[in-house]
Structures are given as structure tokens and as C-alpha cells.
Amino acid sequence: MNRKILYGYVWEAGKVKGINEDSLLLRTVKTKNGSLLIGCICDGMGGVGNGEIASGYVVEQLEKWFLQEFVWAVHRSKSRIVIKGKVFRIFQKMNRKLFEHMKRMAVPLGTTVSLLVLFEGRGYIFHIGDSRIYGFCAYPVLKKPVFIRRLTKDHKKDESTLTRCLGLTPEWKPDFHCFRIRKGACGFLLCSDGFYRKLEGKQLKCLSPRLLKDGRQIERRLKEMAERIMKRGEPDNLSALYIKLEP
């Protein structure tokens, strides 16, 4: 993947919590097979301070793993099986560490993880919890300005009860999805539930790749959306990362 990458993010504690327990990650490197990118959002849980510890730990471990292991593995082989296997192993390791720490400290400790990998014209999604990843495609030959699709499934019983996450139980396997990246302008939004909960579907259209020309414009748009969400009374943290691939 040798396309130009633009990005922007918003990271807001909100008006109630005072501390943001979400964590974001974006890293990209060049390999002999093209650019390799990972983007991730984690929404921590477990009470005051513990959620921040859980989400921060996962992002820290993913960044270290990406630079020390994953890049070299992909450099040697771009196989889908290799990519899936490497990510599954780091998920399993992180879940074990969080679960052991939770039992040792006798405090709840967990986090959602929505991870996007872009490489060689393909996208790979690894997801557990209720954070979300949306895909945006702009078709120059169609009248419809943008096609928006939610790429992840929420793992929750109701608005306050997750059925799956990383850390709280021995269950660690994420949902896995692989897809081809279209040649036109496209974008990906990774966001926490505090960001998407009070958004209407049509309001995501302002993130059409066709409308976003640079990183500053992306960040400005995300911050405007976050401000509107907070005005509607959203009490949770609001975090989002948007990645655009130029055609």
C-alpha cells in the first residue's frame, strides 16, 4: 500500500468523568512490500483509574509489539494467515496479563479493543467490545457522495453490560474480518461508544473522504462533532481516530 495517508483524532474526557479512560494508537512504517499501518482504539473499564490502566497497557503493548515483532514478520511474509496469527497471539498475551493482574489486585480491569491493520491493498480488523470501526468510500462515478458501513459488531447485552472485552474474563479471541481496500478515496473511523452513541447516521456523512483535504481539517471536523455530542448530554469519554487513504 503506497497511498498517501491523512489522519486526525479527538480525545476528550467529557464533562462528567474528568479523566479519559480511552487510548488511541496510530503507527505506520514502510516495508519492502509497501506501507504497513495499524490504528487502534481502546475504551477502558474497571472504576476510577483502572480503565485508564487497562486501555493504556494494551496500546503500549501493541506499539511495542508492532515495532519489535509485527513489522519484521510482515516483512518476511505478507500472508493473511501470518498476520492473523501474530495479532491473535498478542491479544491472548495481553488478555492473560490483564486477567492475572485483575485477580492479583482484586479489582475489575478490562478494555475494549478495535484494531485496524492496512497492508498490501487489504484491511484486517480485530475487534472485541463495543468500540466501533466505520468504513467510508467515495465513488466518483456515482451520484451518492459517500458509502458508509459499520465494520464491527457491538459485544454487549445492553447499554451498560458488555458480553466480551479484553481482561475481565479468560475469553480473549477477537472478531476477525479481512477485506480489499477500494482504489478510490476511502476512510476509516475508529471511535469509542461515547463518540458514536448520540450521533445520527447522517451526521457521519461529514467525514466523507471527498470532503477532507488534510489532517487539520479532519481534526477540526472531529472536534466539532465531539462538541455537538457533549452539548447533547453525553457523559462518557469521547475519542475517535480517522484515517484517510488518498486515491
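Heads up: these notes are all about the structure in this document. (Residues numbered from 1 in each chain as written. Predicted model: local features only at pLDDT ≥ 70, side-chain atom pairs only at ≥ 80, totals over all residues. Heavy atoms only, no water.)

**A closer look at the environment of S77**
1) Next: Checked against the element boundaries, S77 lands in the loop between α1 (50-76) and α2 (80-105).
2) Next: Judged by its relative accessible area of 26%, S77 is partly exposed.
3) Next: Once the C-alpha coordinates of S77 and V113 are considered, the two residues, 36 residues apart in sequence, prove to be 25 Å apart. (Helix = DSSP H or I, 4+ residues; strand = E, 2+ residues; numbered from the N terminus. Buried < 20%, exposed > 50% of the residue type's maximum accessible area, 1.4 Å probe, protein only.)

**Regarding the sheet that holds strand β1 (residues 5-12)**
1) Next: Read across the open sheet, the five strands follow the order β1-β13-β12-β7-β8; overall the sheet is antiparallel. At either end of the open sheet lies a strand with only one pairing partner, and these are β1 and β8 (147-150). Ignoring which end each strand starts from, the neighbouring axes of this sheet average 15 degrees apart.
2) Next: Looking at chain direction, strand β7 (residues 132-137) and strand β12 (residues 186-191) are connected through six bridges and run antiparallel. Bridging across to β12, C137 finds its partner in C186.
3) Next: This element, helix α4 (residues 215-231), spans β1, β12 and β13 (238-245) of the sheet and lies at about 30 degrees to β1. (Pairing = 2+ DSSP bridges. Axes fitted to C-alpha atoms, helices over the stretch in contact; angles between N-to-C directions. Contact = heavy atoms within 4.5 Å.)

**Considerations on the pattern of salt bridges**
Side-chain pairing between opposite charges can occur once the charged atoms of the two side chains come close.
1) Next: All told, the structure shown has ten salt bridges when counted by the stated rule.
2) Next: Between R164 and D175 there is a salt bridge, with the nearest N and O atoms lying 3.1 Å from each other. Linking R164 in the loop between β10 (161-162) and β11 (175-180) with D175 in strand β11, this pair joins segments that are eleven residues apart in sequence.
3) Next: According to the relative accessible area criterion, D175 is partly exposed, its value standing at 27%. (Salt bridge = Lys/Arg side-chain N within 4 Å of Asp/Glu carboxyl O.)

**Points about the packing of aromatic side chains**
1) Next: Scanning the model with the defined rule gives eight aromatic pairs in all.
2) Next: Consider the rings of F88 and W172, whose centres lie 5.8 Å apart with planes at 85 degrees: the pair is edge-to-face. Here F88, found in helix α2, pairs with W172, found in the loop between β10 and β11; they are 84 residues apart in sequence, far enough to count as distant.
3) Next: A relative accessible area of 15% places W172 in the buried class.
4) Next: An aromatic cluster is built from F88, Y124, F126, W172 and F176, whose rings are joined through pairwise contacts.
5) Next: It is K84 that lies over the ring of F88; its NZ or CZ is 5.4 Å from the centre.
6) Next: Positioned above the aromatic ring of Y196, the side-chain terminus of R132 is 3.7 Å from the ring centre. (Phe/Tyr/Trp six-rings, centres within 6.5 Å; stacked < 30°, edge-to-face > 60°. Lys NZ or Arg CZ within 6 Å of the ring centre and 35° of its normal.)

**Topic: the environment of R220**
1) Next: Among the structural elements, R220 can be located in helix α4.
2) Next: Judged by relative accessible area, R220 falls into the partly exposed class, the value being 47%.
3) Next: Taking the C-alpha atoms as reference points, R220 and V10, 210 residues apart in sequence, are found 8.8 Å from one another.

**Points about unusual backbone geometry**
1) Next: At A106, a position not held by glycine, the phi torsion is positive, near 60 degrees.
2) Next: Note that A106 resides in the loop between α2 and β4 (110-111).
3) Next: When its relative accessible area of 67% is taken as the criterion, A106 is described as exposed.
4) Next: For E120, which is not a glycine, the phi torsion comes out positive at approximately 55 degrees.

**Topic: the nonpolar core**
1) Next: Formed by 35 residues in total, the largest nonpolar core has its most connected members in L36, F70, F91 and F126.
2) Next: Of all the elements in the fold, those that place two or more residues in this core are β2 (22-31), β3 (34-45), α1, α2, β5 (113-119) and β6 (122-128).
3) Next: Discounting chain neighbours no more than four positions away, the residues touching F70 are L36, I38, W65, I83, K86, V87 and V117.
4) Next: By size, the runner-up hydrophobic cluster in this structure holds 23 residues, among which are V10, V146, C191 and Y242. (Core = buried A, V, L, I, M, F, W, Y, C linked by side-chain atoms within 4.5 Å.)

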